[in-house]
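Chain by chain, the residues run as shown.
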Amino acid sequence: MATKKFMYLNRRSSFGTVYAIESLEVVLIAAAFEQDVSLAFIDDGVYQIVEGQNTDGIGMKNFSKTFHALGDYDINKLYVSKESLEERGLSESDLMPLVYEDEDDDWAEKTSIKVVTNDELKAIMSEQDVCLSF
Amino acid sequence: MKFAIQVNEGPYQHQASDTAFQFAKAAIENGHEIMRVFFYHDGVNNASSFTLPPQDDRHVVNNWASLNIKDADGEPELVVCVAAALRRGMLDESEANKNSIVGNNLHPAFRISGLGQLIEAGIQSDRLVVFGD
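Residues numbered from 1 in each chain as written. Chains lettered and ligands numbered in written order. Predicted model: local features only at pLDDT ≥ 70, side-chain atom pairs only at ≥ 80, totals over all residues. Heavy atoms only, no water.

Peer 1: Which parts of the structure should I look at to understand helix H1 (residues 16-29) of chain B?
Peer 2: Along an α-helix, a turn takes 3.6 residues, which lines up residues three or four apart on a common side. Residues and elements named next belong to chain B. With 14 residues, H1 should reach 20 Å at 1.5 Å per residue; the first-to-last C-alpha distance of 20 Å fits that figure. For H1, the elements touching its buried residues are strand E1 (2-7), strand E2 (33-39), helix H2 (60-66) and strand E5 (127-131). With its phi angle positive at about 85°, glycine 31 sits one or two positions after the end of H1. (Helix = DSSP H or I, 4+ residues; strand = E, 2+ residues; numbered from the N terminus. Expected span 1.5 Å × (residues − 1). Contact = heavy atoms within 4.5 Å.)

This is the structure we're talking about:
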C-alpha cells in the first residue's frame, strides 16, 4: 500500500467536546497502516497535551495519558503552535514530556514535541497529502 | 478525480452534512467518483432510518441514500464509524442483536465499519475532503 503523509490537526481542548478523544482514536488506528503520521496542536488543541490533567471532578475518562503511547507506535512528530501556546500563557514546559526511542540513534530517548511558528506549520501542512481536522 | 468525504457533524444541527451532500452530488454530476463517505463524531446520526423531518424540509438521510454510493460489489460506501455509532445509539441489526437491544436504526444505504476505513479512504482517494467545524 502506498505511503502518504497524514497530518492530524487538533484544534480543540480535551473535554469540552468529543473531537479530541475521537481524533486520538483515529491516530491510534492510523498507526497500523504504516503511513507517515504527524500531529499538529493549534488553538485550544494545545490544551490536549498539557501536563497534569485531572478529570476526577467531571466524570470523564482522562485519556491524556494515551499520548505517551504514541512514541511506541512510531508517531513522533507532534507540532505545537508557538503562537497558540503564547496566546494562552503556556510554554513548552507546561506540556507533557512526550518522547520516543530513536532506532537510528541507538534507541536514544528524544522528544516528540516540536514547537513551531504558524508560518513553519503552514509550510509543514502544505507538504501533507491528507490533513484530517478535528 | 477520486474523492473521499468525511462528515463530522450531525444532521439539522449543523450545515456540514448538507454541504458535504451538495459537494458529493455536484462531484458525481461532473463525472468524478466518490469512493467513500465516512461519518464520524455526531456525523453518525446522518445514517438514522428513524429520521422524520417535517414535509417542507429536506430529508438529509434520504439525500445521502439517493446518491447510491456503492463499491463494485454493490456494498454501501456510506460508512458509519462503529465506535462513534455505538456510543451514540446508532445500531444496525447485527450490533443490536449482539448487545441484546430491541430495534435498530441504521438506514440500509449505510454500513457500519471501523476507523480503518477512513484511513484507507485517505490512502486510496486523490482527495479526502473533511466537512465539519
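Peer 1: Any chance you could explain unusual backbone geometry here in plain terms?
Peer 2: Trans is the common state for peptide bonds, and a negative phi is the common state for residues other than glycine. Despite not being glycine, A:Asp74 has its phi angle at roughly 60°, a positive value. Judged by its relative accessible area of 57%, A:Asp74 is exposed. Of note, B:His41 is a non-glycine position whose phi angle comes to about 50°, a positive value. Position of B:His41 among the secondary structure elements: in the loop between E2 and H2. (Buried < 20%, exposed > 50% of the residue type's maximum accessible area, 1.4 Å probe, protein only.)

Peer 1: Help me out: how do you make sense of the packing of aromatic side chains in this one?
Peer 2: By convention here, two paired aromatic rings are described through the distance between centres and the angle between planes. Applying the stated criterion across every chain yields a total of 11 aromatic pairs over all chains. On the basis of an interplanar angle of 90° and a centroid distance of 5.3 Å, the ring pair of B:Phe39 and B:Trp64 is categorised as edge-to-face. A residue pair is termed long-range when its members are at least 10 positions apart, and B:Phe39 in strand E2 and B:Trp64 in helix H2 qualify at 25 residues. Neither residue differs from the other here; B:Phe39 and B:Trp64 are each classed as buried. In this structure an aromatic cluster arises from ring pairing among A:Phe15, A:Phe41, A:Phe63 and A:Phe67. (Phe/Tyr/Trp six-rings, centres within 6.5 Å; stacked < 30°, edge-to-face > 60°.)

Peer 1: Would you mind showing me how to read the nonpolar core here?
Peer 2: Here is a general trend for soluble globular proteins: nonpolar side chains tend to be buried in one another's company. The biggest cluster of nonpolar side chains holds 72 residues, and the ones touching the most others in it are A:Tyr8, A:Leu39, A:Phe67, B:Trp64, B:Val80 and B:Phe110. Not counting residues up to four positions away in its chain, the partners in contact with A:Leu39 are A:Tyr8, A:Asn10, A:Val27, A:Phe67, A:Leu70, A:Ile75, A:Lys77, A:Leu78 and A:Tyr79. A:Met7, A:Leu9, A:Ile42 and A:Tyr79 belong to the second largest nonpolar core, which has eight residues in total. (Core = buried A, V, L, I, M, F, W, Y, C linked by side-chain atoms within 4.5 Å.)

Peer 1: Can you walk me through the sheet that holds strand E3 (residues 78-81) of chain B in this structure?
Peer 2: Pairing between sheet strands relies on hydrogen bonds along the backbone, with the strands arranged either parallel or antiparallel. All names here are of chain B. The five strands are arranged E4-E3-E2-E1-E5 in an open sheet whose pairing can be described as parallel. The strands lining the two open edges of the sheet, one partner per strand, are strand E4 (110-113) and E5. Neighbour to neighbour, the strand axes of the sheet diverge by 25° on average, direction disregarded. Pairing analysis gives four bridges linking E3 to E4, with the strands arranged parallel. Considered in E4, the bridge of cysteine 81 is made with serine 113. Running over the sheet, H1 touches E1, E2 and E5 and is turned about 170° from E1. Strand contacts of helix H5 (residues 116-124): E1, E2, E3, E4 and E5, with the helix running at about 150° to E2, the strand carrying the most contacts. (Pairing = 2+ DSSP bridges. Axes fitted to C-alpha atoms, helices over the stretch in contact; angles between N-to-C directions.)

Peer 1: Looking at this structure, how should I read the pairing of E3(B)?
Peer 2: All names here are of chain B. Because side chains alternate across E3, one face comprises the buried residues Leu78 and Val80, and the other comprises Val79 and Cys81, equally buried. By the bridge criterion, three bridges tie E2 to E3 in an arrangement that is parallel. When the sheet's bridge partners are listed, phenylalanine 39 is paired in E3 with valine 80. The parallel pair E2 and E3 is bridged by H2, and the resulting crossover is right-handed. (Right-handed = clockwise from strand over helix to strand, strands pointing away.)

Peer 1: Where do I start with the interface of chain A and chain B in this structure?
Peer 2: Many authors give the size of an interface as the accessible area that is lost as the parts come together. Across the contact, 22 residues belong to chain A and 20 residues belong to chain B. With both chains or domains summed, chain A and chain B bury close to 1,700 Å², and 61% of this area falls on carbon and sulfur atoms. For chain A, the biggest contributors to the area lost against chain B are A:Lys4, A:Tyr19 and A:Glu22; these three give 27% of the whole. Summed over the shared surface of chain A and chain B, the result is three salt bridges. (Buried area = accessible area lost by both parts, 1.4 Å probe. Salt bridge = Lys/Arg side-chain N within 4 Å of Asp/Glu carboxyl O.)

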